[in-house]
Amino acid sequence: MNLFEGDRDAIPANAFRPHLYMSGSMPKPKHNSDPILPAGADIQVEAARWLAHLKSERRLSPKTLEAYERDLRQCLVFLAEHWGQPVSLNAFAAIEASDVRAFMAARRNNDVGSRSLMRTLAGLRSFGRFLEREGKGKVGALSAIRAPKISKTLPKPLAVTAARRLTEADVRAGEDRPPWIWARDAAVMALLYGSGLRISEALGLNRRDIPEPGRGDVITVIGKGNKTRMVPVLQNVLEAVQDYITQCPYPLASEKPVFVGARGWPLSPRIIQLTMERLRGALSLPDSATPHALRHSFATHLLSRGGDLRAIQELLGHASLSTTQIYTAIDAERLMDVYQSAHPRA
């Protein structure tokens, strides 16, 4: 049974099952079967209900749900070994801060980064709050643990000329691929840079979502948390998409994804990532030139040309202005570079 479908009260006790394990101190399966989690039936049921709650009511993205499920599973596997017995609901509710620190230390020893540890702690706290709301106990130890510090790294946008070059189909003219593939990839890149979309947002567009050139200048995208937003789109971007649609050998139904792979199935983000890797070599771009870097470039280039920070926040679909403000640091850094290189007294 899918954890996220059906009646919440009908979820079986063994529905929450592990399939990913930590290395090192974490026990691993001896074969390819999917062993039952070393935890009591009560906590497995509550874990499944928590995940269903996050999907249906909190509307978290599938990737976030997968990460939270994996983090809780790894925690329960660790605690079972740490305590020498399967984890019951009462035992989890009585977890001590030292147990949480031991788990986080084990994760750190397995080369898990600070951002992943922060997400792990956030997921466990969410599960703890869910248990408290359901009257299943209060997991106070989780709130006593400080989140790991994350070093601030600035996004690395591309130069304007490089970003524009990535959106041109002829840059791949020497490759042994059908021209419609070049046109498709150029259209995706144009949406990432021209409208600041995430790759998942661009590939999630259906044909009916994108107007023909001259018949509209706005697209509606579904972002994180299934939130929709309206984003302006340039006519030359629409022309790039139309050029791909005209060349595509497969029928593109209005209610189906507009971008398809070589066999006609919905296009995988990995294909665009691999395309970017090839283009990095062809255009001598740094390793930081990724599909997401085009989104960073969109925001940075708008800001450097006087774009309003609040407007850029809306265009990017950021829930918090503080997330968008990181681009002001990039702009200030570039201004200082110009000052240092051009001012006669610098």
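Quick caveat, the model's predicted, so the values are computed rather than measured.

Caption draft 1: Up close: the packing of helix α11 (residues 291-304) against helix α12 (residues 309-316). Running from N to C, α11 and α12 point in directions that differ by 160°, and their axes come no closer than 10 Å. If you check the angle between α11 and α12, you find them roughly antiparallel. Crossing hand, α11 versus α12: right-handed. Of α12, the residues touching α11 (which contributes R295, F298, A299, L302 and L303) are L309, I312, L315 and L316. Class assignment for the residues of the contact of α11 with α12 results in eight nonpolar, no polar and one charged.

Caption draft 2: Looking closely at the pattern of salt bridges. As enumerated under the stated definition, the model contains 12 salt bridges in all. Of the charged contacts in the structure, one is a salt bridge between K136 and E46, with a shortest N-O distance of 3.9 Å. One end of the pair, K136, is in the loop between α5 (114-133) and α6 (160-166); the other, E46, is in helix α1 (residues 41-56), with 90 residues separating them in the sequence. Judged by relative accessible area, which is 33%, K136 ranks as partly exposed. Across the pair E69 and R73 runs a salt bridge whose closest N-O atoms are separated by 3.4 Å. Of this pair, E69 and R73 are both found in helix α2 (residues 62-83), four residues apart, which corresponds to roughly one turn of the helix. R73 carries the same exposure label as E69, and that label is buried. Among the charged side chains, a network of salt bridges with common partners joins E46, R49 and K136.

Scoring rules and cut-offs
Residues numbered from 1 in each chain as written. Predicted model: local features only at pLDDT ≥ 70, side-chain atom pairs only at ≥ 80, totals over all residues. Heavy atoms only, no water. Axes fitted to C-alpha atoms, helices over the stretch in contact; angles between N-to-C directions. Helix = DSSP H or I, 4+ residues; strand = E, 2+ residues; numbered from the N terminus. Parallel < 35°, antiparallel > 145°, perpendicular 65-115°, else oblique. Left-handed = near helix turned anticlockwise from the far one by under 90°. Contact = heavy atoms within 4.5 Å. Nonpolar A, V, L, I, M, F, W, Y, C, P; charged D, E, K, R; others polar. Salt bridge = Lys/Arg side-chain N within 4 Å of Asp/Glu carboxyl O. Buried < 20%, exposed > 50% of the residue type's maximum accessible area, 1.4 Å probe, protein only.

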